[in-house]
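# Chain and residue survey
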Amino acid sequence: MSKDRLFLSPPQMGGTELDFVKKAFESNYIAPLGPLLADFEQAFCELTGFAHCVAVTSGTAAIHLALRLLGVGLGDVVIASTLTFIGSVTPATFLGAELHFVDSDRGTWNMDPVLLARAIDEVEAKGKRVGAVVPTDLYGQCADYDALRAVCEPRGIPLLIDAAESVGATYKGRHAGYGGDAAIYSFNGNKIITTSGGGMLASDDSDFINEARRFSQQARDDAPYYEHTTIGYNYRMSNVLAGIGLGQLAMLDSYVARRREIFQWYEKALGGLPGIEFTSEAEYGKTNRWLSVILINEDAFGTGPETVRLALEDENIESRPVWKPMHMQPVFAGVPCTGGAVSEDLFARGLCLPSGSAMTEADLERVAQAIKSVIR
Ligand SMILES: *Cc1c(COP(=O)(O)O)cnc(C)c1O
């Protein structure tokens, strides 16, 4: 049996990417800086509503730059979602800051604003300063920005939205990420649109983004020779990759629509099975359904998510458990977490299903059959 492998979230090219990349070649702008990069940033500003954007090498790099320029440093504490990908939280450690995790809200799976307020109190009770709060928009659903900002703003704590997974989603009619002091996005190969690898930092604050741009290019001073008064990074996106991004942006609406259809297809095909649950969409926005996730209740379903994962693997279908919470990671042993039971439960019961926008009806059928075969 040699069925094609079904991946969790493979890239899908729309068709015009190569035309943009050709432009880069024809104009010989193979260097990092070039006109496509400026066009990509401009187009991303128009998409998100942010006044300023800087394109960088990854979402992780965007978070690193943002935290540095928000003034996070040695001994500060960065509060982050525990249910997230590690790239969301490692940049704090690059800066010598400490981490403090916050559990998810049961309804949205995103950072619980009530627990966030408690976490800030816990950090401050130890005499430490909270340098920033970084909530993740999990699997394409926006966190409740207004509720989180209502906690951060009166205390003067910057809010950096990790919208790596939520490009194309909305919160109260605005694009994902718009609702804090700044937001980051990822164009890694598995995200809803990709530049093969890349990220974006966005904000309405022009000084902030200009500084981020300077820091992404080795923090060079304004002089004809190379002069540096501070340490920067080599984080700028290449003009060639920005070309891929421009082609992908043109496809975003259709990819979001397709991922939402895929979720609905799974919900219809599997929602009636005993012990299978889907997450509902928060009232305040529209998720991009980057990944379709099911929760499996072992008692009702008859077996747990790992059996289902292995059954899918037997059919050459990739699936994956929900992100393992950061407070359960060996590397973060001893890092405090406010709450934790919700994310632990989601990790124990959750399974991410193939969700790529190029999936066909037959692909979806294969996944559903493999899952159903487990309980037969
Ligand atoms: C993918 C991802 C990142 C990191 O993005 P990269 O571009 O891979 O560095 C950060 N946070 C979350 C929640 C992600 O899913």
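Just so it is clear, the model here is predicted, and its values are computed rather than measured. (Residues numbered from 1 in each chain as written. Predicted model: local features only at pLDDT ≥ 70, side-chain atom pairs only at ≥ 80, totals over all residues. Heavy atoms only, no water.)

It is worth spelling out the site of the ligand at this point. Near the ligand there are 14 residues, and of these Thr60, Asp162, Glu165, Ser186 and Lys191 occur at the shortest range. Here Glu165 contributes a side-chain N or O atom positioned 2.5 Å from an oxygen atom of the ligand. Contact distances for the ligand include 3.3 Å between an oxygen atom and a side-chain N or O atom of Lys191. For the ligand, whose unbound accessible area comes to 380 Å², protein coverage reaches 94%. Within the shell around the ligand, the residues separate by chemical class into two nonpolar, nine polar and three charged. (Near = heavy atom within 4 Å. Polar contact = N/O pair within 3.5 Å; in protein donor to acceptor, adjacent residues only side chain to side chain. Areas by Shrake-Rupley, 256 points an atom, 1.4 Å probe, with all protein chains shown as cover. Nonpolar A, V, L, I, M, F, W, Y, C, P; charged D, E, K, R; others polar.)

Let's shift gears to the sheet that holds strand β1 (residues 52–56). The four strands lie next to each other as β1-β9-β8-β5, forming an open sheet whose pairing is mixed. Because the sheet does not close on itself, it has two edges, and the strands there are β1 and β5 (160–162). Neighbouring strand axes in the sheet, compared pairwise and without regard to direction, differ in orientation by 20° on average. In this structure, strand β8 (residues 182–186) lies alongside strand β9 (residues 199–203), joined through four bridges in antiparallel fashion. (Pairing = 2+ DSSP bridges. Helix = DSSP H or I, 4+ residues; strand = E, 2+ residues; numbered from the N terminus. Axes fitted to C-alpha atoms, helices over the stretch in contact; angles between N-to-C directions.)

Attention now goes to the side chain of Thr194. Structurally, Thr194 is set in the loop between β8 and β9. With relative accessibility at 3%, the residue Thr194 sits in the buried group. Of the polar contacts made by the side chain of Thr194, one reaches the backbone oxygen of Asn188; its length is 3.1 Å. Among residues more than four places away in sequence, those in contact with Thr194 are Pro11, Met13, Phe187, Asn188, Gly189, Ile244 and Gln248. (Buried < 20%, exposed > 50% of the residue type's maximum accessible area, 1.4 Å probe, protein only. Contact = heavy atoms within 4.5 Å.)

The three strands lie next to each other as β7-β6-β11, forming an open sheet whose pairing is antiparallel. Pairing within the sheet leaves two strands with one partner each, and these edge strands are β7 (174–175) and β11 (285–286).

A few words on the pairing of β9. β9 sits mainly inside the fold: five of its five residues count as buried. Here β9 shows a buried face lined by Gly199, Leu201 and Ser203 and a second buried face lined by Met200 and Ala202. Note that β1 and β9 share five bridges and pair antiparallel. The residue bridging Ala55 from the neighbouring strand is Met200, located in β9.

Grouped together as the largest cluster of nonpolar side chains are 69 residues, with contacts concentrated most on Phe40, Ile79, Leu116, Val133, Tyr139 and Tyr185. Top element by residues in this core is helix α5 (residues 113–125). It accounts for six residues. Split by domain, this core shows at least three residues from each of two domains, domain 1 (17–249) and domain 2 (252–372). Counting 32 residues, the second largest nonpolar core, distinct from the first, contains Ala61, Ala97, Val134 and Phe215. (Core = buried A, V, L, I, M, F, W, Y, C linked by side-chain atoms within 4.5 Å. Domains from an automatic or database assignment.)

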